Amino acid sequence: MIRVKVLGRGIEREVEWRKGMKVSDLLHEIGFNTESAIAKVNGRVALEDENVRDGDYVEVIPVVSGG
């Protein structure tokens, strides 16, 4: 399982890990895309094509834009 926390939204959940799962797959599974959020995996900012592993802790930081 991967523990996921969405900062500023009060969302914490666990996502079942799958072999070959990438950061982008995880973001899509919880309702974000790579343009609307940044992911930190185990405390380190991660690129969308990086693999996630079973037991990882991921913080999702929604991107805010506007003018």
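### Observations concerning the sheet that holds strand S3 (residues 37–41)
For step 1, the next point in the chain: The 5 strands lie next to each other as S2-S1-S5-S3-S4, forming an open sheet whose pairing is mixed. Looking at strand neighbours, the two that pair on one side only are strand S2 (11–15) and strand S4 (44–46), the edges of this open sheet. Geometrically, the sheet is characterised by an average inter-axis angle of 30° between neighbouring strands, direction not taken into account.
For step 2, the next point in the chain: Relative to strand S5 (residues 57–62), S3 runs antiparallel, the two being bridged by 5 bridges.

### Here we look at the confidence of the model for the chain
For step 1, the next point in the chain: The predicted model of the chain averages 93 in pLDDT, with 97% of residues at 70 or higher.
For step 2, the next point in the chain: Here S2 is the element of the chain with the lowest mean pLDDT, 93, and S4 is the one with the highest, 97.

### Regarding the pattern of salt bridges
For step 1, the next point in the chain: Tallied over the entire structure, the rule returns 4 salt bridges.
For step 2, the next point in the chain: Put simply, Glu50 and Arg44 hold a salt bridge, and the shortest N to O gap is 2.8 Å.
For step 3, the next point in the chain: According to the relative accessible area criterion, Arg44 is partly exposed, its value standing at 47%.
For step 4, the next point in the chain: For Asp56, the salt bridge identified is with Arg53, shortest N-O distance 4.0 Å.

### Quick look at unusual backbone geometry
For step 1, the next point in the chain: Non-glycine residue Asn42 carries a positive phi angle of around 50°.
For step 2, the next point in the chain: The residue Asn42 is located in the loop between S3 and S4 in this model.
For step 3, the next point in the chain: Judged by relative accessible area, Asn42 falls into the partly exposed class, the value being 44%.

Calculation criteria
- The written sequence of each chain sets the order in which its residues are numbered from 1.
- For this predicted model, a pLDDT threshold of at least 70 governs which residues receive local features, and a threshold of 80 or more governs which side-chain atom pairs are given and counted, while totals over whole chains, interfaces and linings are taken from all residues.
- With hydrogens and water set aside, each side-chain value is computed from the structure's full complement of heavy atoms.
- Note on pairing: DSSP must find at least two bridges between two strands before they are called paired.
- Here a helix means four or more residues in a row that DSSP labels H or I, a strand means two or more in a row labelled E, and each is numbered from the N terminus.
- A fitted line through C-alpha atoms represents every axis, and for helices the fit uses only the stretch in contact; the resulting angles, taken between N-to-C directions, go from 0 to 180 degrees.
- Per-residue confidence from the predictor is reported as pLDDT, which spans 0 to 100.
- We define a salt bridge as a contact between a side-chain nitrogen of Lys or Arg and a carboxyl oxygen of Asp or Glu at a distance within 4 Å.
- Burial here depends on accessible area, computed with a 1.4 Å probe over protein chains only, as a share of the maximum for the residue type. Under 20% is buried, over 50% is exposed, and the range in between is partly exposed.

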